[in-house]
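Listed below, chain by chain, are the residues.
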Amino acid sequence: FPVTIHVPTALAARNWDVYPNPTSGPLNIDPQQFDEVPVTYQLIDVTGRERLSGIFPAFNTRNVLDLRFYGLPNGLYYLRLFDGQDQRLFKIILM
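Residues numbered from 1 in each chain as written. Predicted model: local features only at pLDDT ≥ 70, side-chain atom pairs only at ≥ 80, totals over all residues. Heavy atoms only, no water.

## A closer look at unusual backbone geometry
Peptide bonds are trans in most cases, and residues, glycine excluded, mostly fall at negative phi.
Point 1. Here the amide bond leading from Tyr19 into Pro20 is cis, since omega sits at -15°, within 30 degrees of zero.
Point 2. Relative to the helices and strands, Pro20 is located in the loop between β1 (17–19) and β2 (27–30).
Point 3. A cis amide bond, omega 10°, links Asn21 with the succeeding residue Pro22.
Point 4. Summarising the element assignment, Pro22 is placed in the loop between β1 and β2. (Helix = DSSP H or I, 4+ residues; strand = E, 2+ residues; numbered from the N terminus.)

Structure (C-alpha coordinates):
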(Lines give C-alpha, C1' and ligand atoms only; values in the text may rest on other atoms or scores of the structure.)
Protein backbone atom coordinates (compact mmCIF):
# COMPACT_ATOMS: atom_id res chain seq x y z
CA PHE A 1 0.00 0.00 0.00
CA PRO A 2 1.30 3.46 -0.88
CA VAL A 3 2.47 5.90 1.75
CA THR A 4 2.05 9.63 1.11
CA ILE A 5 4.32 12.15 2.78
CA HIS A 6 3.48 15.83 2.53
CA VAL A 7 6.44 18.18 2.64
CA PRO A 8 5.33 21.78 3.31
CA THR A 9 6.38 24.28 0.68
CA ALA A 10 7.98 27.62 1.48
CA LEU A 11 4.50 29.16 1.60
CA ALA A 12 3.39 26.98 4.50
CA ALA A 13 6.69 27.27 6.37
CA ARG A 14 7.15 31.01 5.96
CA ASN A 15 6.02 33.68 8.41
CA TRP A 16 3.95 36.15 6.40
CA ASP A 17 3.31 39.67 7.70
CA VAL A 18 -0.05 41.10 6.60
CA TYR A 19 -0.48 44.65 7.87
CA PRO A 20 -2.09 46.91 8.90
CA ASN A 21 -5.09 44.87 9.97
CA PRO A 22 -7.70 46.27 10.38
CA THR A 23 -7.07 48.68 7.53
CA SER A 24 -8.77 51.60 5.83
CA GLY A 25 -6.13 51.91 3.12
CA PRO A 26 -3.58 49.70 1.43
CA LEU A 27 -2.76 46.26 2.84
CA ASN A 28 0.88 45.17 2.79
CA ILE A 29 1.77 41.50 2.27
CA ASP A 30 5.34 40.77 3.28
CA PRO A 31 6.73 37.22 2.85
CA GLN A 32 9.69 37.89 5.21
CA GLN A 33 12.07 35.94 2.93
CA PHE A 34 12.90 35.12 -0.68
CA ASP A 35 10.88 32.66 -2.76
CA GLU A 36 11.41 30.84 -6.04
CA VAL A 37 7.76 30.20 -6.94
CA PRO A 38 4.95 32.66 -7.63
CA VAL A 39 2.10 32.89 -5.12
CA THR A 40 -1.49 33.58 -6.18
CA TYR A 41 -3.52 35.85 -3.93
CA GLN A 42 -7.30 36.18 -3.67
CA LEU A 43 -9.37 38.54 -1.55
CA ILE A 44 -12.68 36.82 -0.80
CA ASP A 45 -15.72 38.41 0.86
CA VAL A 46 -17.90 36.70 3.49
CA THR A 47 -20.26 35.38 0.79
CA GLY A 48 -17.35 33.53 -0.85
CA ARG A 49 -17.11 35.87 -3.82
CA GLU A 50 -13.66 36.74 -5.11
CA ARG A 51 -13.23 40.50 -4.97
CA LEU A 52 -9.54 40.86 -5.92
CA SER A 53 -6.91 38.47 -7.27
CA GLY A 54 -3.45 38.46 -8.75
CA ILE A 55 -0.01 36.91 -8.63
CA PHE A 56 2.77 37.65 -6.19
CA PRO A 57 5.73 36.93 -8.52
CA ALA A 58 8.71 34.74 -7.76
CA PHE A 59 11.55 36.92 -6.53
CA ASN A 60 15.13 36.84 -5.42
CA THR A 61 15.00 39.89 -3.17
CA ARG A 62 12.60 40.80 -0.39
CA ASN A 63 9.42 42.13 -1.93
CA VAL A 64 6.29 43.62 -0.29
CA LEU A 65 2.98 43.56 -2.17
CA ASP A 66 0.71 46.57 -1.66
CA LEU A 67 -3.01 45.76 -2.18
CA ARG A 68 -5.51 48.57 -2.77
CA PHE A 69 -9.22 48.20 -1.98
CA TYR A 70 -10.81 50.75 -4.32
CA GLY A 71 -14.60 50.53 -4.23
CA LEU A 72 -14.86 47.65 -1.78
CA PRO A 73 -17.34 48.03 1.07
CA ASN A 74 -16.13 47.88 4.67
CA GLY A 75 -16.33 44.48 6.32
CA LEU A 76 -14.64 41.13 6.84
CA TYR A 77 -12.62 39.56 4.03
CA TYR A 78 -10.32 36.56 3.68
CA LEU A 79 -6.94 36.79 2.00
CA ARG A 80 -5.95 33.46 0.45
CA LEU A 81 -2.34 32.85 -0.61
CA PHE A 82 -1.71 29.75 -2.75
CA ASP A 83 1.54 28.47 -4.27
CA GLY A 84 0.17 25.49 -6.20
CA GLN A 85 0.51 23.08 -3.27
CA ASP A 86 -0.18 24.85 0.01
CA GLN A 87 -2.32 27.77 1.06
CA ARG A 88 -2.47 30.32 3.86
CA LEU A 89 -5.64 32.16 4.87
CA PHE A 90 -5.79 35.48 6.72
CA LYS A 91 -8.83 37.35 8.06
CA ILE A 92 -8.77 40.99 6.92
CA ILE A 93 -10.99 43.75 8.30
CA LEU A 94 -11.60 46.65 5.95
CA MET A 95 -12.77 49.81 7.75
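## Re the side chain of Asp45
Point 1. Along the chain, Asp45 falls in strand β3 (residues 39–45).
Point 2. A distance of 2.6 Å separates the side chain of Asp45 from the side chain of Thr47, its partner in a polar contact.
Point 3. Apart from the residues within four sequence positions on either side, Asp45 is in contact with Arg51, Leu76, Tyr77 and Tyr78. (Polar contact = N/O pair within 3.5 Å; in protein donor to acceptor, adjacent residues only side chain to side chain. Contact = heavy atoms within 4.5 Å.)

## Thoughts on the packing of aromatic side chains
Point 1. The tally for this structure, following the rule as stated, stands at zero aromatic pairs.
Point 2. It is Arg80 that lies over the ring of Phe82; its NZ or CZ is 4.5 Å from the centre. (Phe/Tyr/Trp six-rings, centres within 6.5 Å; stacked < 30°, edge-to-face > 60°. Lys NZ or Arg CZ within 6 Å of the ring centre and 35° of its normal.)

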